[in-house]
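Fold and geometry: a report
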Amino acid sequence: MEVRTRIAPSPTGFLHLGTARTALFNWLFARQHQGKFILRIEDTDKERSRPEFEKDIVEGLRWLGADWDEFHRQSERIEIYKKYLKKLLDSGQAYFSDVVHFKNPGRKVRFHDSIRGEIEFDTKELGDFIIAKSEEEVLYHFAVVVDDFEMKISHVIRGEDHISNTPRQILIQEALGFPRPQYAHLPLILGPDRTKLSKRHGAESVREYKEAGYLPEALVNFLSLLGWHPKDEKEIFSKEELIKEFSLERAQKGGAVFDIKKLEWLNGEYIREKSLEDLLELSRPYLGQTDDEKLKKILALEKTRLNKLSDLREAALYFFKEPEYSKELLSPPARAGWKGTEDYQLIKKHLKKITELLPDSDKIMSYAEKEGRGEVLWPLRVALSGRKNSPGPFEIMEVLGKEESIKRIKHALEVLD
Ligand code: GLU
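Residues numbered from 1 in each chain as written. Predicted model: local features only at pLDDT ≥ 70, side-chain atom pairs only at ≥ 80, totals over all residues. Heavy atoms only, no water.

A few points about helix α3 (residues 78-90)
Side chains that are three or four residues apart share a direction in an α-helix, a result of its 3.6 residues per turn. The test is simple: Numbering of helices and strands runs from the N terminus, with a helix taken as a DSSP run of H or I at least four residues long and a strand as a DSSP run of E at least two residues long. Expected helix span is computed as 1.5 Å times (number of residues minus one). Per-residue accessibility, obtained with a 1.4 Å probe over protein chains only, is compared with the maximum for each type, and a residue is labelled buried under 20%, exposed over 50%, and partly exposed between these values. What the arc covers is the set of directions going from the helix axis to the C-beta atoms. In what follows, a contact means two residues having at least one pair of non-hydrogen atoms within 4.5 Å.
Over its 13 residues, α3 runs 18 Å from end to end, which matches the ideal 18 Å to within 8%, given 1.5 Å per residue. Residues of α3 that are buried include every one of Tyr81, Tyr84, Leu85 and Leu88, and no others. For α3, the angular spread of buried residues about the axis comes to 105 degrees, placing them on one side. In this structure, α3 carries Glu79 and Asp90 as exposed residues pointing more than 90 degrees from its buried face. Tucked into the core, α3 has its buried residues touching β4 (94-96), β5 (100-102), β8 (129-132), α4 (140-150) and α5 (166-176). Phi turns positive one or two residues past the end of α3, at Gly92, with a value near 75 degrees.

Structure, rendered in structure tokens:
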């Protein structure tokens, strides 16, 4: 039997991380089994569904690389639902009041979940439940069952919050004589405080992560580990490796904690893998227009300390704009007890000397060796960058050029006065 999975988002908000995670698991499973992955927009709720959310979902999934083999929209399938609704009405398994109720046989429903094992529900409590507002307007449970059948979905892999929906859907399935797909309910994504991930915990939508400069490869890698455990300790996975190694058997039951530090770390790893050319293209939205040669030099320097591309806005600022800093910062931290007038005189002496030696870095270096490396190079670096942490002064000067470097050192001399 062909593996066919689906992601069935309702376009009532931007692509949520949880939906992206579920989509990814479905996509991985389908690709692993040379099956099909289906995107189905569940827009039966007319009031809350919006085309801009559908667009965001489609673009987000595409950006993550979870490509689909089929696309469906529930609002275009009314005739199909009508046909099956009529079947239930004709056979007396559903009835019209002002709405359409499903006639619940009220029995125990048992199903096997690939992650959770056997699950049993007594559906007596549910009573007869509503499956359509009218012939034209079916509701979620009914539409899902019809679509999963019509689209020959073999595996329903979805969030744990849908477990309690499953018995209702099974009852409808059986009333229509449909086969049962294999179910797998993925654990919830939790914030660091172990409550369900929500706005309180920070960004929730894929677009926010994209805008902050997370790379899709990093997000895919990260999301794949939210609820799935690889065999060994390995944490960095390419898509191809994920397709090979992913398995529902190694999916966890308990909630998966979202650790932003881990995402940042992974993203940094992927950033460092990028060529300067690729990084340049990716960084443009964060850096604005400047000359590419300069940008590449900056990226080569800053690459090692970036966690996300938006960090560049801050990290690269001093290459474009003369930095502001306090006099105290010019004083080398290694020399506790400095900061007296004489000490500042000494720093001035060093900086003046450097302006004479520039651009000969060998000469500056031998001067620094003689006078004390930290005592010469620290104030030089601060004069250039205005920062406590930055790449080394020679690397910065290489980007700034002689003229701008001298200008900044002279500014430092003014700050010291
Ligand atoms: N439309 C449902 C949702 O967005 C998904 C239904 C399902 O996966 O069965 O939660």
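Next, the rest of the story.
Section: the environment of Glu404
Within the element layout of this structure, Glu404 appears in helix α17 (residues 393-416). A C-alpha to C-alpha distance of 36 Å links Glu404 and Glu208, two positions 196 residues apart in sequence.

Observations regarding the packing of helix α7 (residues 216-224) against helix α9 (residues 260-273)
Quick note on the threshold: For helices, the fitted axis covers only the stretch in contact; all axes are lines through C-alpha atoms, and the angles between them, taken along N-to-C directions, range from 0 to 180 degrees. Should an angle fall under 35 degrees it is taken as roughly parallel, and over 145 as roughly antiparallel, whereas 65 to 115 is taken as roughly perpendicular and any remaining angle as oblique. Rotating anticlockwise by less than a right angle from the far helix to the near helix defines a left-handed crossing, while the corresponding clockwise rotation defines a right-handed one.
Packing of α7 against α9 leaves a shortest axis separation of 9 Å and a crossing angle of 140 degrees. Looking at the two axes, α7 sits oblique to α9. The crossing of α7 and α9 is right-handed. Together, Glu217, Ala218, Leu219, Asn221 and Phe222 of α7 and Lys262, Leu263, Leu266, Asn267 and Tyr270 of α9 make up the contact between the two elements.

Structural notes on the site of the ligand
To keep it simple, the criterion reads: Nearness of a residue to a molecule or strand requires only that one of the residue's heavy atoms be within 4 Å of it. For the purposes of these results, a polar contact is taken to be a pair of N or O atoms within 3.5 Å, where, inside protein, one atom must be able to donate a hydrogen and its partner to accept one; residues adjacent in sequence count only when each atom of the pair is a side-chain atom. To be clear on the numbers: accessible area is Shrake-Rupley with a 1.4 Å probe, and residue cover counts the displayed protein chains and nothing else. Amino acids outside the nonpolar list (Ala, Val, Leu, Ile, Met, Phe, Trp, Tyr, Cys, Pro) and the charged list (Asp, Glu, Lys, Arg) are all regarded as polar, and Gly is one of them.
Near the ligand you find Arg6, Ala8, Pro9, Ser10, Glu42, Tyr140, Arg158 and His162, and these make up its full shell. Note that a nitrogen atom of the ligand is positioned 2.7 Å from one of the backbone N or O atoms of Ala8. For the ligand, an oxygen atom lies 2.7 Å from a polar atom in the side chain of Arg158. Summarising the interface, the protein chains cover 79% of the accessible area of the ligand, which totals 300 Å² for the free molecule. Partitioned by chemical class, the residues of the shell around the ligand number three nonpolar, two polar and three charged.

Some remarks on the sheet that holds strand β1 (residues 4-7)
Put simply, the test is: For two strands to count as paired, DSSP must find a minimum of two bridges between them.
The three strands are arranged β1-β2-β3 in an open sheet whose pairing can be described as parallel. Whereas interior strands pair on both sides, the edge strands pair on one side only; in this sheet they are β1 and β3 (70-73). With strand direction ignored, the average angle separating the axes of adjacent strands in the sheet is 25 degrees. Across the face of the sheet, helix α1 (residues 17-32) comes into contact with β1 and β2 (36-41) while running at roughly 165 degrees to β1.

Considering the pattern of salt bridges
As a reminder of what qualifies: For salt bridges, the criterion is a side-chain nitrogen of Lys or Arg within 4 Å of an Asp or Glu carboxyl oxygen.
Counted by the stated rule, this structure contains 48 salt bridges. For Arg73, the salt bridge is made with Glu54, and the minimal N-O distance between the two is 2.7 Å. Of this pair, Arg73 sits in strand β3 while Glu54 sits in helix α2 (residues 51-64), placing them 19 residues apart in sequence. For Arg73, a relative accessible area of 23% gives the class partly exposed.

Comments concerning the pairing of β1
Of the two faces of β1, the one carrying Arg4 and Arg6 and the one carrying Thr5 and Ile7 are both buried. Taken together, the four bridges between β1 and β2 define a ladder with parallel strand orientation. Across the sheet, Thr5 pairs through a bridge with Phe37, a residue of β2.

Brief notes about the sheet that holds β4
Here three strands make up an open sheet; going across it, the order is β4-β5-β8 and the pairing antiparallel. In this open sheet, the two strands that pair with only one neighbour each are β4 and β8. The sheet shows a mean angle of 40 degrees between the axes of neighbouring strands, direction not considered. Looking at chain direction, β5 and β8 are connected through three bridges and run antiparallel.

Digging into the packing of helix α10 (residues 276-287) against helix α11 (residues 292-302)
Two elements in contact, α10 and α11, have axes separated by 10 Å at closest approach and are oriented at 100 degrees. Relative to α11, α10 is oriented roughly perpendicular. Residues Leu276, Glu277, Leu279, Leu280, Ser283, Arg284 and Leu287 of α10 lie in contact with α11, whose contacting residues are Asp292, Leu295, Lys296, Leu299 and Ala300. Of the residues in the contact of α10 with α11, the class split is seven nonpolar, one polar and four charged.

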